Amino acid sequence: MSLKEQRAKQKQRNQEKKAQRRGELTPADKLVNQGTAYAKQALYDQALECYNQAIQLNPKLAEAYVNRGNFYRKQENYSQALADYNQAIQLNPQYAAAYANRGNLYAEQKNFPQALADYNQAIQLNPKLAEAYVNRGLIYAEQKNFPQALADYNQAIQLNPKLAAAYANRGFAHLDLENTEAAFADLDKFIEYSEDNELKQQIALVAHSVALSNNEFSKARDYVEQAFAQAATETKQHQKIYLDNIEKTEALYNKTKELEETNKKLAEAHKKQENLLREFTHMLGSTLFPETLLDIANTLKEHSTLQEQIKRLYDAYHAELTVRRQSELLRVRYFTDSPHRFIELVTDGCIKTDSEDAGSNVLDVFESALERVIARLLSEHYDKLKTPRGILLQLLKTDVLKLRNEFKAHVFLENKPLLDWINSRLMPVSIQQEPSAWDRVRFKIGGTTESLFYSYFNELLLNAIKYADYTQGLVVRFYQQYIDETLYLCFSIENTSRVGIVSGSQIGLKSLRKNLAQLNSADTPEKILQVQQEQGRFKVTLAILKDILLYEPTAEDDEAIPESFRRGKALRQQHQAV
């Protein structure tokens, strides 16, 4: 350094000392202030030069070290920033701002215990340092200590009612506590007091998101307006994007509310239907006494002159028994959580192949259903078959009373084969029973499975006879078939429809398909109830897993395992996902 430069430095130091004695701003102080002004304008190189010169002029000026430390911290030069803060504290241990800024450094480095210690020291030295309360509140909020965080934010606002940062951070604490109204109030205050337009826009958009998530669409629009109030022209286009998104979200919300209201009404209606069905099935179980009818029929069976009446009693007995079993199946299908309970109830209604109980076979059940349907067809009181009854009587050139008497005499009184009479007097009915596992299936008489198959056959026969061309009749098949590599027992009924007649609305078939899908645990219900209608031919085919209906024990079977479980074992293994 030249002699001239040394003299200039000495002159500056002398001026520094004189200004200090007079209580005026020293040249070093002025350099610090100038550096701060440069920093606000993002002129960081000039700011650093000012801080360096101030320290050269007055190496004991703690404020210069703190400001230079802040510069280094923003540049993420944490080691140099820490050195400057430490130097400031060494020069002036009572300098609260030095502790507060070093606390900021520790907080940025996630060293929360050390940051908290420095904020505590800063507040102890200067209890009116509002920014220190705000920053300490942030540490408490990070630690989920929201009561203490709110206390610090409140204190900061009491000290400085226009401190924007305090409102912003208290607003975020309220959001964490799900106190949205208080959060909105604080974020509004931040937007009012902050001088940082970019940060105001960010906070306004955060508030917009909160309002949108709470379905407060008008408030969300207000925040978007505030966010872009000071925005440059080229960024104004983003405002429309936000507003369009609010409009779409509001439309979706309103639509969802409508759907929720509709679903609520549907759920209430479904609940009423459930209660109605529960009451109905409970009433059936409590009021049907088919055993009484059976006792009367057995008592009167010795009277030869009452054979027709006895037959009717037996029919009524079987009808009431069927209704009772169907009510049991309804309860299990709709009011149990286990998808296998319905299956197990059906398997329980079947007889093991090694049992001495003969039970009934599928042809017995089918003929029973066919007999019942023909009786309805020949009853002038059964309106559902009124039209086909008239067509049949016209075709046969007879009246219903004569035909019904013939039917009763042949089937009820003389106990002759049902199919012989139907084929000779009504229409051709061909039953084809191919060699299959059907031959070994047996139902418990009066059991749930017998009643279930009776209802299946009854539905299909009613539909077929209602629309059949009686000159062509019906073709019925019992057989087995593999579907998706699994063995099913199948039943089909086929008829030629009368000219211009289609087979109804198929409402009954839809219900039957749902029933079969539940029984078979089928993901593709159309495969287990197929309906084919083409060129005047109508054919319905239903399929049931062989393992549900037929249990054939082996030497390895454990007799302790319930029969229904063993019979349904293959089904459950196949449908693990159910």
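To start, this report covers the structure provided alongside it. Keep in mind that what you see is a predicted model, and the values were worked out from it rather than measured.

Glancing now at the pattern of salt bridges. Under the definition given, this model contains 17 salt bridges. A salt bridge links Arg 425 to Glu 406; the nearest nitrogen and oxygen atoms lie 2.6 Å apart. With Arg 425 in helix H21 (residues 418-425) and Glu 406 in helix H20 (residues 400-413), the pair connects residues that are 19 residues apart, well separated along the chain. Classification of Glu 406 by relative accessible area gives partly exposed; the value is 25%. Here Lys 416 makes a salt bridge to Glu 414, at a shortest N to O gap of 2.9 Å.

As a further point, take the packing of helix H2 (residues 27-40) against helix H3 (residues 44-57). Axis separation between H2 and H3 bottoms out at 8 Å; the angle between their running directions is 165 degrees. Judged by the angle between their axes, H2 and H3 are roughly antiparallel. Considering only the axes of H2 and H3, their crossing is left-handed. Contacts between H2 and H3 pair Pro 27, Ala 28, Leu 31, Val 32, Gln 34, Gly 35, Thr 36, Tyr 38 and Ala 39 from the former with Tyr 44, Gln 46, Ala 47, Cys 50, Tyr 51, Gln 53, Ala 54 and Leu 57 from the latter. By residue class, the composition of the contact of H2 with H3 is 12 nonpolar, five polar and no charged.

This part takes up the packing of aromatic side chains. Under the definition given, this model contains 18 aromatic pairs. With a centroid separation of 5.8 Å and 55 degrees between ring planes, the pair formed by Phe 366 and Phe 491 is classed as tilted. Taken together, the residues Phe 366 in helix H18 (residues 362-377) and Phe 491 in strand E3 (residues 486-496) connect sequence positions 125 residues apart. Just as Phe 366 is buried, Phe 491 falls in that class too. Ring geometry for Trp 438 against Phe 478: centres 5.8 Å apart, planes inclined by 85 degrees, an arrangement best described as edge-to-face.

This part takes up the pairing of strand E4 (residues 529-534). Across six bridges, the pairing between E4 and strand E5 (residues 537-545) is antiparallel. Paired with Gln 533 across the bridge in E5 is Phe 538. What sits between the antiparallel neighbours E4 and E5 is a turn of two residues, in which Gln 535 has the positive phi angle 50 degrees.

Taken residue by residue, H21 has Leu 418, Leu 419, Trp 421 and Ile 422 as its buried positions. Down the axis of H21, the buried side of the element spans an arc of 160 degrees, and every buried residue falls inside it. Of the surrounding secondary structure, the elements contacted by the buried residues of H21 are H18, H20 and strand E1 (429-433).

Definitions and cut-offs
- Residues numbered from 1 in each chain as written.
- Predicted model: local features only at pLDDT ≥ 70, side-chain atom pairs only at ≥ 80, totals over all residues.
- Heavy atoms only, no water.
- Salt bridge = Lys/Arg side-chain N within 4 Å of Asp/Glu carboxyl O.
- Helix = DSSP H or I, 4+ residues; strand = E, 2+ residues; numbered from the N terminus.
- Buried < 20%, exposed > 50% of the residue type's maximum accessible area, 1.4 Å probe, protein only.
- Axes fitted to C-alpha atoms, helices over the stretch in contact; angles between N-to-C directions.
- Parallel < 35°, antiparallel > 145°, perpendicular 65-115°, else oblique.
- Left-handed = near helix turned anticlockwise from the far one by under 90°.
- Contact = heavy atoms within 4.5 Å.
- Nonpolar A, V, L, I, M, F, W, Y, C, P; charged D, E, K, R; others polar.
- Phe/Tyr/Trp six-rings, centres within 6.5 Å; stacked < 30°, edge-to-face > 60°.
- Pairing = 2+ DSSP bridges.
- Arc of directions from axis to C-beta.

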